[in-house]
Amino acid sequence: MKTTKIAILGFGTVGSGVYTVLQQNSELIRHRQLLDLSVKRVLVRDLLHGRNLALAPMETFTTDYADILADGEISIVVE
């Protein structure tokens, strides 16, 4: 099964909620939909003052949208 890489634009209430749901339900999604989803990048405005940044590894975050556009592995962008 191929892993589908995702980028999330924004990590406030909704973006961090999407991230959390994907992390908590990854096995269920894989089993029911035969889809392995992985969040590769998250776009944020500020790496120093984000309130939910502790939820994901720091290397996941970027402040530059071009990082997401240039990444050929990302096939889904969630806004």
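Residues numbered from 1 in each chain as written. Predicted model: local features only at pLDDT ≥ 70, side-chain atom pairs only at ≥ 80, totals over all residues. Heavy atoms only, no water.

**Q** Where do I start with the overall build of the protein chain in this structure?
**A** Secondary structure summary: the protein chain contains three helices and four strands in total. Along the protein chain, from the amino end to the carboxyl end, the secondary structure elements read β-α-α-β-β-α-β. Principal-axis analysis of the C-alpha atoms places the extent of the protein chain at approximately 35 × 25 × 20 Å. In the protein chain, which comprises 79 residues, the proportion classed as buried is 30%. (Helix = DSSP H or I, 4+ residues; strand = E, 2+ residues; numbered from the N terminus. Buried < 20%, exposed > 50% of the residue type's maximum accessible area, 1.4 Å probe, protein only.)

**Q** What's the story with the pattern of salt bridges in this structure? I'm lost.
**A** In a structure, side chains of opposite charge can pair up when their charged atoms sit close to one another. Following the criterion strictly, the structure yields five salt bridges and no others. Residue E27 pairs with R30 through a salt bridge whose shortest N-O separation is 2.4 Å. In this pair, E27 and R30 both sit in helix α2 (residues 26–33), three residues apart, roughly one turn of the helix. What makes E27 exposed here is its relative accessible area of 54%. Judged by relative accessible area, which is 23%, R30 ranks as partly exposed. Close ionic contact of E73 with K40 constitutes a salt bridge, the shortest N to O distance being 2.4 Å. Within this pair, whereas E73 is found in the loop between α3 (65–70) and β4 (74–78), its partner K40 is found in strand β2 (residues 36–43), the two being separated by 33 residues in sequence. On the basis of relative accessible area, E73 is assigned to the partly exposed category, the value being 48%. Here the residues in one salt-bridge network are E27, R30 and D36, joined through shared partners. (Salt bridge = Lys/Arg side-chain N within 4 Å of Asp/Glu carboxyl O.)

**Q** Teacher, can you tell me more about the packing of aromatic side chains here?
**A** One pair of aromatic rings is described through two measures. These are the centre distance and the angle between the planes. Evaluation of the coordinates by the stated rule reveals two aromatic pairs. With 5.7 Å between their ring centres and 70° between their planes, F11 and Y19 make a pair best called edge-to-face. For Y19, a relative accessible area of 8% translates into the label buried. Where F11 meets F61, the ring centres are 5.1 Å apart and the plane angle is 75°; that geometry is what we call edge-to-face. One end of the pair, F11, is in the loop between β1 (3–9) and α1 (13–24); the other, F61, is in strand β3 (residues 61–62), with 50 residues separating them in the sequence. Of the residues examined, F61 reaches a relative accessible area of 6% and is grouped as buried. One aromatic cluster is present, formed by F11, Y19 and F61 through successive ring pairs. (Phe/Tyr/Trp six-rings, centres within 6.5 Å; stacked < 30°, edge-to-face > 60°.)

Remember, this is a structural readout, not a statement about activity or role.
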